[in-house]
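# Secondary and tertiary structure notes
Residues per chain are reported as follows:
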Amino acid sequence: MPQALITGITGQDGSYLADFLLGQGYNVFGMVRRSSTVNFSRIQHIQDKITLLSGDLLDLGSLISILQEYEFDEVYNLAAQSFVPTSWEQPVFTGEVTALGVTRMLEAIRSVDKGIRFYQASSSEMFGKVREVPQTERTPFYPRSPYGVAKVYGHWITVNYRESYGLHASSGILFNHTSPRRGLEFVLRKITRGVARIKLGLEKELRLGNLDPQRDIGYAGDYVRAMWMMLQQSAPDDYVVATGETHSIREMCEQAFGFVGLDWQEFVVQDARFIRPAEVDLLVGDASKARRTLGWAPAVSFPALVQMMVDNDLALAQQEG
Ligand code: NDP
Ligand code: GDP
């Protein structure tokens, strides 16, 4: 049975990846950091099938101990301070976890077992103020937030360990992906939750920031498959993972409110509190390398994704109501 370690298993992607790897016959381990109140809601349904280990990307010793104790074939580094606005409020912490945390894990692998295959969760936020459209693996980076800057570091240190020490280390440059398990603060989830609560009379309005930015957004369940595919290749490499379509925040509102028969313009209020110091205006990825080499393609379309999330949030709002 192959053994995999997932950092960030309590997050959106970690939970979908754990589901996927269990389906592939893996023995799945997840690293969780200590907290005074545990939140395992995303992995509750599989908690008896996985093993949770205590560790933190801020603590190199904990990473080394975990790798020494179990013989892992693959490590998926999904843990991060992943919310862009928080990265302006806590830039140093974001750098410690999202940037240096990658080096800590790579160092642990280098010192314990260089044969472990490594996946780094890189991000389209690295393209920021985009240098070309669409973005590919060769597009230069121009990050626009401390989060984006930290991810650029994480990306290059992964490439560097591959080239310096011959590690099987791959970086997935994933464009936005979401799901019913997405954190409530991210825009499409915030919209679908708002739609459901307005429809059921629990809220009267939805306050958002800039409605103009465009995002290439897919379904998280599709994207974790690409992570695994990267580690099954004989050689490590970097891949853009995206749908190739882009949608403005305004379009997301139109689509989500439209599903419940409401006009978004009657409920969405623009609020300066959600405007960012620097914005990423347009992201759209060219995933032809992933299609060609990995055989990866997304299965869930944009309307199907929005519908899935609205349905889920309606059910949750109904329980609450
Ligand atoms: P989430 O925010 O849902 O999950 C982040 C995870 O990281 C949580 O499990 C969190 O644990 C864990 N974590 C945070 N800090 C530490 C730490 N110091 N030590 C150990 N674990 C820690 O993110 P997603 O699942 O959406 O994203 C997964 C990865 O992919 C992230 O690296 C993200 O930046 C990246 N990414 C995501 C994209 C997206 O659209 N979703 C796009 C491109 C990249 P806890 O539960 O304790 O908070
Ligand atoms: P990001 O692409 O990783 O930053 O993902 P988000 O879902 O947080 O944001 C996507 C885009 O939505 C960004 O351009 C935000 O400026 C824009 N946006 C507009 N209003 C909001 C809001 O209220 N919350 C969030 N999170 N984003 C918003």
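Below, the discussion takes up the side chain of Ser 170. Locating Ser 170 in the fold gives a position in strand β6 (residues 169–174). Beyond its immediate stretch of four places on either side in the chain, Ser 170 contacts Phe 118, Tyr 119, Gln 120, Thr 158, Arg 162, Met 230, Leu 231, Pro 236, Asp 237 and Asp 238.

Here we take up the site of ligand 2. If you check the shell around ligand 2, you find 17 residues, and the closest are Val 187, Lys 190, Gly 209, Arg 276 and Glu 279. In this structure, an oxygen atom belonging to ligand 2 sits 3.0 Å away from a side-chain N or O atom of Glu 125. Gly 209 is positioned with one of its backbone polar atoms (N or O) 2.8 Å from a nitrogen atom of ligand 2. Coverage of ligand 2 by the protein chains reaches 95% of its 540 Å² of free accessible surface. Split into classes, the residues belonging to the shell around ligand 2 amount to 8 nonpolar, 3 polar and 6 charged. Two domains share the shell around ligand 2, each providing at least three of its residues, namely domain 1 (3–177 + 218–241) and domain 2 (183–216 + 246–280 + 300–320).

Let's shift gears to the domain arrangement of the protein. On domain assignment, one finds that the protein holds domain 1 (3–177 + 218–241) and domain 2 (183–216 + 246–280 + 300–320). Just the C-alpha atoms count here: the centres of domain 1 and domain 2 sit 27 Å apart. With 15 residues of domain 1 in contact, the opposing surface of domain 2 contributes 13 residues. Each partner contributes to the roughly 1300 Å² buried at the junction of domain 1 and domain 2, and carbon and sulfur atoms together form 60% of this total. Taken together, the connections running from domain 1 to domain 2 amount to 1 salt bridge. A salt bridge links Glu 125 to Arg 215, with the shortest nitrogen-to-oxygen separation between them at 3.7 Å. Joining domain 1 to domain 2, the criterion identifies 3 residue pairs in polar contact (both at pLDDT 80 or more). If you list the elements that add at least two residues to the side of domain 1 that touches domain 2, you get α3 (84–89), β10 (218–219) and α7 (220–231). Looking at which element gives the most residues to the side of domain 1 that touches domain 2, the answer is α3, with 3 residues. When the residues that make up the side of domain 1 that touches domain 2 are grouped by side-chain class, the tally is 7 nonpolar, 4 polar and 4 charged.

Further remarks concern the packing of helix α2 (residues 60–69) against helix α4 (residues 91–112). For the pair α2 and α4, interaxial distance at closest approach is 9 Å and the crossing angle is 40°. Relative to α4, α2 is oriented oblique. The hand of the α2/α4 crossing is right-handed. Contacts between α2 and α4 pair Leu 60, Leu 63, Ile 64, Leu 67 and Gln 68 from the former with Arg 104, Met 105, Glu 107, Ala 108, Ile 109, Ser 111 and Val 112 from the latter.

On to the packing of aromatic side chains. If you walk through the whole model with that rule in mind, you get 13 aromatic pairs. A ring pair is formed by Phe 127 and Phe 141, whose centres lie 5.4 Å apart and whose planes are at 45°; its orientation type is tilted. Pair noted here: Phe 127 is in the loop between β5 (117–123) and α5 (146–165) and Phe 141 is in the loop between β5 and α5, with a separation of 14 residues, a long-range link. Put simply, the rings of Phe 127, Phe 141, Trp 156 and Phe 175 touch in pairs and so form one group of aromatic residues. When the ring centre of Tyr 16 is taken as origin, the NZ or CZ atom of Arg 181, which lies over that ring, is 4.0 Å away. Taking NZ or CZ as reference, Arg 182 lies 3.6 Å from the ring centre of Phe 186, over its face.

For the rest of this paragraph, the subject is the environment of Arg 291. Of note, Arg 291 is situated in helix α9 (residues 288–294). Looking at Arg 291, the relative accessible area reads 42%, which means it is partly exposed. Residues Arg 291 and Asn 27, spaced 264 residues apart in sequence, show a C-alpha to C-alpha distance of 27 Å. With residues up to four places along the chain from it excluded, the contact list for Arg 291 reads Thr 243, Trp 296, Ala 297 and Pro 298.

Because an α-helix completes one turn every 3.6 residues, residues spaced three or four positions apart along the sequence face the same direction. When helix α8 (residues 249–259) is considered as a whole, its buried residues turn out to be Ile 249, Met 252, Cys 253, Ala 256 and Phe 257. Looking straight down α8, one finds that the buried residues subtend no more than 115° of arc, so they occupy a single side. Packed against the buried residues of α8 are α6 (187–199), β8 (206–208), β9 (214–215), β12 (247–248), β13 (268–270) and α10 (302–320). At the C-terminal side of α8, Gly 261 shows a positive phi close to 75°.

Parameters at a glance
- Residues numbered from 1 in each chain as written.
- Chains lettered and ligands numbered in written order.
- Predicted model: local features only at pLDDT ≥ 70, side-chain atom pairs only at ≥ 80, totals over all residues.
- Heavy atoms only, no water.
- Helix = DSSP H or I, 4+ residues; strand = E, 2+ residues; numbered from the N terminus.
- Contact = heavy atoms within 4.5 Å.
- Near = heavy atom within 4 Å.
- Polar contact = N/O pair within 3.5 Å; in protein donor to acceptor, adjacent residues only side chain to side chain.
- Areas by Shrake-Rupley, 256 points an atom, 1.4 Å probe, with all protein chains shown as cover.
- Nonpolar A, V, L, I, M, F, W, Y, C, P; charged D, E, K, R; others polar.
- Domains from an automatic or database assignment.
- Buried area = accessible area lost by both parts, 1.4 Å probe.
- Salt bridge = Lys/Arg side-chain N within 4 Å of Asp/Glu carboxyl O.
- Axes fitted to C-alpha atoms, helices over the stretch in contact; angles between N-to-C directions.
- Parallel < 35°, antiparallel > 145°, perpendicular 65-115°, else oblique.
- Left-handed = near helix turned anticlockwise from the far one by under 90°.
- Phe/Tyr/Trp six-rings, centres within 6.5 Å; stacked < 30°, edge-to-face > 60°.
- Lys NZ or Arg CZ within 6 Å of the ring centre and 35° of its normal.
- Buried < 20%, exposed > 50% of the residue type's maximum accessible area, 1.4 Å probe, protein only.
- Arc of directions from axis to C-beta.

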